[in-house]
Amino acid sequence: MSELKINNLHVNIDGKPILQGVNLTVPQGEVHAIMGPNGTGKSTLASTLLGHPSYEIVEGEILFKGKSIMDLGTDERSRMGLFLAFQYPVSIPGVTVANFLRTALNARKKAINPEDKGIPVPEFRKLLKEKMEELKIDSSFAGRYLNEGFSGGEKKRIEVLQMAVLQPEIAILDEIDSGLDIDALRIVSEGVNLLREKQNLGVLVITHYQRLLNYIKPDVVHVMMDGKIVESGGPDLAVHLEEHGYEWVREKLEEEAL
Ligand code: ADP
Ligand code: MG
């Protein structure tokens, strides 16, 4: 069983400590949400997991499927089955959605088995058609250039399609609700829920707002504050945070520190 495990992770940006001892385990098939006030390090965690070079790991480890991934590049992490949704997906003019996905799938297959010769085009077309129907994505998307002229909601749907085709074991979704209207949010969330059910996808969903968690139901909710996970609980914790804010968490921490 695949899991993402983060042990005592400390990360600096420009010498300034941002993450200060994050501990977190996300097993395949579970949805974990990280919530927290702005500026507490949620996106820093996502970028560090992605392998962004400006984030300096000063202590701790990141394990995926029991192996350290800290020396691996973003591509290698993704070929291993870690999916990282970008807050601002890039567009690649001249590369169609279908070609992009087939290249990515072949790279992933080769990483799993170096002898793999790649998926034949007709078989890939069939797979893509199947996945697009399942996710209710219009078939015309396959022939369009990646993300070029796509609306915010359409880009997110293509990311979900990417997950359906590449079949990652764990997906990290940072603020996927930003800039989405309710319909788009619902469609994307339904896609994520479907993949969890069908592919046993594990999800780390990072959000500032509780509303996303009305759609993507978390098993575990974590609160991040000052670069650490300070509180974990069930789905009720998200509801409680929405009603009462984060101040009580801080007060509780201060009391505990006394
Ligand atoms: P969150 O996602 O929880 O709102 P971030 O991880 O984006 O928080 O930011 C945490 C802290 O790190 C903030 O104080 C932010 O200003 C700082 N920070 C994030 N990225 C950078 C960067 N590239 N350069 C300098 N400081 C950064
Ligand atoms: Mg953020």
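Right above here is the structure, for reference.
In what follows, the accompanying structure is described. (Residues numbered from 1 in each chain as written. Chains lettered and ligands numbered in written order. Predicted model: local features only at pLDDT ≥ 70, side-chain atom pairs only at ≥ 80, totals over all residues. Heavy atoms only, no water.)

## What to know about the pattern of salt bridges
So, point 1. The full count for this structure, using the stated rule, is 9 salt bridges.
So, point 2. Arg186 is the partner of Glu190 in a salt bridge, and the nearest nitrogen-oxygen pair spans 3.6 Å. Of this pair, Glu190 and Arg186 both sit in helix H6 (residues 182-199), separated by 4 residues, roughly a single helical turn.
So, point 3. Note that Glu231 is salt-bridged to Lys252, the shortest N-O span being 2.9 Å. Here the residue Glu231 occupies a position in strand E12 (residues 228-233), and Lys252 occupies one in helix H8 (residues 247-257), the gap between them amounting to 21 residues.
So, point 4. Through salt bridges with shared partners, a single ionic network connects Lys65, Arg108 and Glu169. (Salt bridge = Lys/Arg side-chain N within 4 Å of Asp/Glu carboxyl O. Helix = DSSP H or I, 4+ residues; strand = E, 2+ residues; numbered from the N terminus.)

## Some remarks on empty space enclosed by the protein
One way to see where empty space is left: roll a probe the size of a water molecule over the atoms.
So, point 1. Going through the model one piece at a time under the given rule, you end up with 1 cavity of 30 Å³ or more.
So, point 2. The computed volume of the largest cavity comes to approximately 30 Å³.
So, point 3. Ala85, Lys156, Glu159, Val160, Met163, Leu173, Ile176, Val188 and Val192 are the residues that line the largest cavity.
So, point 4. No other element matches the 4 residues that helix H5 (residues 152-166) contributes to the lining of the largest cavity. (1 Å grid on protein atoms, 1.4 Å probe; cavity = no way out; pocket = protein on both sides within 12 Å on 5 of 7 lines; lining within 4 Å. Points joined across faces, edges and corners; volume = space filled by probe spheres on them.)

## So, the packing of helix H4 (residues 121-134) against H5
So, point 1. Orientation of H4 relative to H5, taken along the N-to-C sense of each, is 130°, at an axis distance of 10 Å. Judged by the angle between their axes, H4 and H5 are oblique. Two packed elements cross with a definite hand, and for H4 against H5 that hand is right-handed. Contact residues: Phe124, Leu127, Leu128, Lys131 and Met132 in H4; Leu161, Ala164 and Val165 in H5. (Axes fitted to C-alpha atoms, helices over the stretch in contact; angles between N-to-C directions. Parallel < 35°, antiparallel > 145°, perpendicular 65-115°, else oblique. Left-handed = near helix turned anticlockwise from the far one by under 90°. Contact = heavy atoms within 4.5 Å.)

## Re the environment of Asp174
So, point 1. Tracing the backbone through its elements, the reader meets Asp174 in strand E9 (residues 170-174).
So, point 2. On the accessibility criterion, Asp174 (7% relative accessible area) is buried.
So, point 3. Each C-alpha atom of the pair Asp174 and Val205 lies 6.1 Å from the other, and the pair is 31 residues apart in sequence. (Buried < 20%, exposed > 50% of the residue type's maximum accessible area, 1.4 Å probe, protein only.)

Limitation: the analysis is restricted to geometry and does not speak to function.
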